[in-house]
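Structural overview
Residues per chain, in single letters:
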Amino acid sequence: MLSGPTLLPTGNISETTLFIEQGIIARIAPGLDASADIIAQGCIAPGFIELQINGAYGADFTNDGRAVASVAQRLPETGVTSLLPTIITSPWEAYPTRLSEVREAMRSATGAQIIGVYLEGPFLNPIKKGAHNEAFLRVPNVDEALRWADDSLTRIVTLAPELPGALEAIHALHGKGLVVSAGHSDATFDQATQGFEAGITWGTHLFNAMSGLVHREPGLPGALLSASVPCGLIADGIHVHPAMVKLAFKAKGAQGITLVTDAMAAMGMSPGRYQLSDREVVVDETSARLADGTLAGSILTMDQAVRNVIEFTGCSLAEALTMATATPARVLGLDRKGRIAPGYDADLVILDESLRVERTIVAGKSVYERKA
Ligand SMILES: [Zn+2]
């Protein structure tokens, strides 16, 4: 039994007692119960759902899919209870190996739950490649795309909707139940809109590695901001200026933005040199970059993203938490995660008054408790 101020599906944070049975939230009752096993002072929130993470704690998933297990074990330190490990653009023949490595990691992992895989690339626009290796980029092909995106494991794929053959690929992948996301794209507003009509239901890290937001040609960001398609946002204050984070929040609201870290191997580590796929990345106190200055993932954590988005936008705690919980759950179509309600998985994070992670619970079990 847990008791304390709780984020409820209504968006209110009010004193509540949660009864957990067999990993599930069995019942919730209004008011505090002094006899609860855990009494929270700060806030009980649904566990964070991380949709885009390339690695952390020294490990890079694109180089070693098995590393997902050790990272999943530590991510509850940051409030994450579910993650979608991201494999960035890789040599075509490397995908089956990476996917089977992640599948193996899923079997042994403890800590945060690995809920599938996110394939970012290879059907990206070379003009907006970011830190992806251009040599491995491909032009979309329906048959190829369907064979590549093993739909028993893959949940999200990113592609650039303006590429030849992209609309057919989007339609086919969406038809198989995958979330198709627009990103690493130079799409015009019209091309992006056609992509949405073909089945795109998410946008990959709004503003980063996409066409610019210009008043006569709003591009992909303008299309994402003005449509009902939710999008990921890296709120580290470096990938996107805090004022643009605020603007995005004003346009999309908490239902339209999923906080993502896009973290890479250096997250949770000291500055130095790290790998992202086959690229060498130089990491300082705040950012991760290729030698030419291109951002190559982040060192952001989800709990920091929640604190940052409040600071950047002035949104409420409930809104910030929604962007890390209910909205990513909706993007993936998860109907038992992202909310504190009867019948939902007991994936919870307890934050203290300064919104630092105090305890993380996955399927009713404490998997992280901060040392006093
Ligand atoms: Zn990216």
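Our structure is the block above this text.
Residues numbered from 1 in each chain as written. Predicted model: local features only at pLDDT ≥ 70, side-chain atom pairs only at ≥ 80, totals over all residues. Heavy atoms only, no water.

1. What to know about the coordination of the zinc ion
Distances from the zinc ion to its protein donors, namely Glu120 (OE), His184 (NE2) and His205 (NE2), fall within the range 2.0 to 2.2 Å. Expressed as a motif, the donor residue spacing for the zinc ion is E-x63-H-x20-H. Of the two residues, glutamate 120 sits in strand E11 (residues 117-120) while histidine 184 sits in the loop between strand E13 (179-182) and helix H5 (189-198), which places them 64 residues apart along the sequence. (Donors = N, O, S within 2.8 Å, 3.2 Å for Na, K, Ca; no water. Helix = DSSP H or I, 4+ residues; strand = E, 2+ residues; numbered from the N terminus.)

2. Let's talk about the sheet that holds strand E19 (residues 288-289)
Judged by pairing direction, the sheet is antiparallel, and its 3 strands sit side by side in the order E17-E18-E19 without closing on themselves. At either end of the open sheet lies a strand with only one pairing partner, and these are strand E17 (272-276) and E19. Two elements, E17 and strand E18 (residues 279-283), share 5 bridges in a ladder whose sense is antiparallel. Each bridged residue has a counterpart across the sheet, and for glycine 272 the counterpart in E18 is valine 283. (Pairing = 2+ DSSP bridges.)

3. Topic: the packing of helix H7 (residues 242-252) against helix H8 (residues 302-313)
Closest axis-to-axis distance for the H7/H8 pair is 8 Å, and the angle between their directions is 85°. Between H7 and H8, the angle is such that the two are roughly perpendicular. Between H7 and H8, the contacting residues are Pro242, Val245, Lys246 and Phe249 on the first element and Val309, Phe312 and Thr313 on the second. Here the contact of H7 with H8 is composed, by residue class, of 5 nonpolar, 1 polar and 1 charged. (Axes fitted to C-alpha atoms, helices over the stretch in contact; angles between N-to-C directions. Parallel < 35°, antiparallel > 145°, perpendicular 65-115°, else oblique. Contact = heavy atoms within 4.5 Å. Nonpolar A, V, L, I, M, F, W, Y, C, P; charged D, E, K, R; others polar.)

4. Some words on the side chain of threonine 6
Tracing the backbone shows threonine 6 in strand E1 (residues 2-7). Taking the relative accessible area as the measure of exposure, threonine 6 reaches 0% and is therefore buried. Here glycine 4 takes part through its backbone oxygen, which lies 2.8 Å from a polar atom of the side chain of threonine 6. Ignoring any residue separated from it by four or fewer positions in sequence, one finds threonine 6 in contact with Asn12, Ile13, Ser14, Thr16, Leu18, Ile44 and Ile340. (Buried < 20%, exposed > 50% of the residue type's maximum accessible area, 1.4 Å probe, protein only. Polar contact = N/O pair within 3.5 Å; in protein donor to acceptor, adjacent residues only side chain to side chain.)

5. Quick notes on H8
Look at H8: 16 Å from first C-alpha to last across 12 residues, which is about the 16 Å you get at 1.5 Å a residue. Of all the 12 residues making up H8, 9 are buried; the element is thus mostly covered by neighbouring parts of the structure. Looking only at H8, the buried set comprises Met302, Asp303, Ala305, Val306, Arg307, Asn308, Val309, Phe312 and Thr313. Of the surrounding elements, those touching the buried residues of H8 are strand E6 (48-53), strand E9 (80-88), H7, strand E16 (257-260), helix H9 (317-324) and strand E21 (357-362). (Expected span 1.5 Å × (residues − 1).)

6. Some words on the side chain of aspartate 60
For aspartate 60, the position within the fold is in strand E8 (residues 59-60). For aspartate 60, which is buried and forms no salt bridge, the nearest opposite charge comes from arginine 98, at a distance of 7.7 Å. Non-local contacts of aspartate 60, meaning those with residues more than four positions away in its chain, are made with Asn54, Gly55, Ala265, Gln275, Leu276 and Ser277. (Lys, Arg positive; Asp, Glu negative; His and termini not counted. Salt bridge = Lys/Arg side-chain N within 4 Å of Asp/Glu carboxyl O.)

7. Digging into unusual backbone geometry
For the bond from glycine 121 to proline 122, the omega torsion is 15°, close enough to zero to count as cis. Examined against the element boundaries, proline 122 turns out to sit in the loop between E11 and helix H3 (142-148). The phi angle at glutamine 22 is positive, at roughly 50°, despite the residue not being glycine. The topology assignment puts glutamine 22 in the loop between strand E2 (13-21) and strand E3 (24-30). Assessed through its relative accessible area of 82%, glutamine 22 is described here as exposed. Positive phi, normally seen in glycine, also occurs at alanine 209, with a value near 55°.

Everything listed is a geometric property; what it means functionally is a separate question.
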